[in-house]
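Remarks on the overall topology
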Amino acid sequence: TALWERYLGSTDVPLDHFTMKSDAVILNAVTAEGMVAATQFWKNSGRSSECRHTVTHPDYYRHGLAMALIQAWLETTEKQGVCRWFTWISDKNSPSLALFHKMGFRQNGRISKQYILEKE
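Cut-offs and rules
Residues numbered from 1 in each chain as written. Predicted model: local features only at pLDDT ≥ 70, side-chain atom pairs only at ≥ 80, totals over all residues. Heavy atoms only, no water. Helix = DSSP H or I, 4+ residues; strand = E, 2+ residues; numbered from the N terminus. Buried < 20%, exposed > 50% of the residue type's maximum accessible area, 1.4 Å probe, protein only. Contact = heavy atoms within 4.5 Å. Axes fitted to C-alpha atoms, helices over the stretch in contact; angles between N-to-C directions. Parallel < 35°, antiparallel > 145°, perpendicular 65-115°, else oblique. Left-handed = near helix turned anticlockwise from the far one by under 90°. Pairing = 2+ DSSP bridges. pLDDT = per-residue confidence, 0-100.

Considering the environment of threonine 87
Tracing the sequence through the fold places threonine 87 in strand β4 (residues 84–87). Here threonine 87 falls in the partly exposed class, since its relative accessible area comes to 21%. Between the C-alpha atom of threonine 87 and that of cysteine 51, which follows or precedes it by 36 residues, the distance is 5.1 Å. Those residues in contact with threonine 87 that sit more than four places away from it in its chain are Cys51, Arg52 and Phe100.

A few points about the packing of helix α2 (residues 65–79) against helix α3 (residues 94–102)
Between α2 and α3, whose axes approach to 11 Å, the crossing angle comes to 45 degrees. Between α2 and α3, the crossing angle belongs to the class labelled oblique. In terms of crossing hand, the pair formed by α2 and α3 is right-handed. Between α2 and α3, the residues in contact are Ala66, Met67, Ile70 and Trp73 and Leu99, Phe100 and Lys102, respectively.

Some thoughts on the side chain of threonine 77
In this structure, threonine 77 sits in helix α2. Of the residues examined, threonine 77 reaches a relative accessible area of 0% and is grouped as buried. Every residue in contact with threonine 77, bar those within four places of it in the chain, is listed here: Trp42, Asn44, Ser49, Val82 and Trp85.

A short note on unusual backbone geometry
Even without glycine at this site, arginine 62 takes up a positive phi of about 65 degrees. Within the secondary structure, arginine 62 is located in the loop between β3 (48–56) and α2.

Thoughts on the sheet that holds strand β2 (residues 36–45)
Sheet architecture is open: four strands sit in the order β1-β2-β3-β4, paired in mixed fashion. Single-partner strands in this sheet number two, and they are β1 (24–30) and β4. Sheet twist, expressed as the average angle between the axes of neighbouring strands with direction ignored, equals 25 degrees. Bridge analysis of β2 against β3 gives seven bridges, and the strand direction is antiparallel. Paired with lysine 43 across the strands is glutamate 50, a residue of β3. Each of β1, β2, β3 and β4 is contacted by α2, which is oriented at about 25 degrees to β2, the strand it contacts most.

Observations concerning the confidence of the model for the protein
With 82% of its residues at a pLDDT of 70 or more, the protein has an overall mean of 83. The lowest-confidence element of the protein is helix α1 (residues 2–7), averaging 64 in pLDDT; the highest-confidence one is α2, averaging 95.

What follows is the structure, encoded as structure tokens:
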């Protein structure tokens, strides 16, 4: 979760994703030295699976780690009977949008707007 905390916005990760539940998976790509180079979260719900928070440490950009994690998610969950995969990506996150498009994902036309109220 350290990569999420460092490289994602404070409202990007729901609090319950930080506490592992039996229906959730966090998959990491780890260096030989034990450093987490990339991570992602997914959970299944029936025959659907949602992937979120795919983050690569900047030192490991362009090594194919995010693609490998996404591919592992697709293959693992397909073996579990999943036939529908989805994710949520900020419209400002061009690298992630491009990667998921390259992996065969298409926008479904739904738009999510996030609202926040903060006390100064």
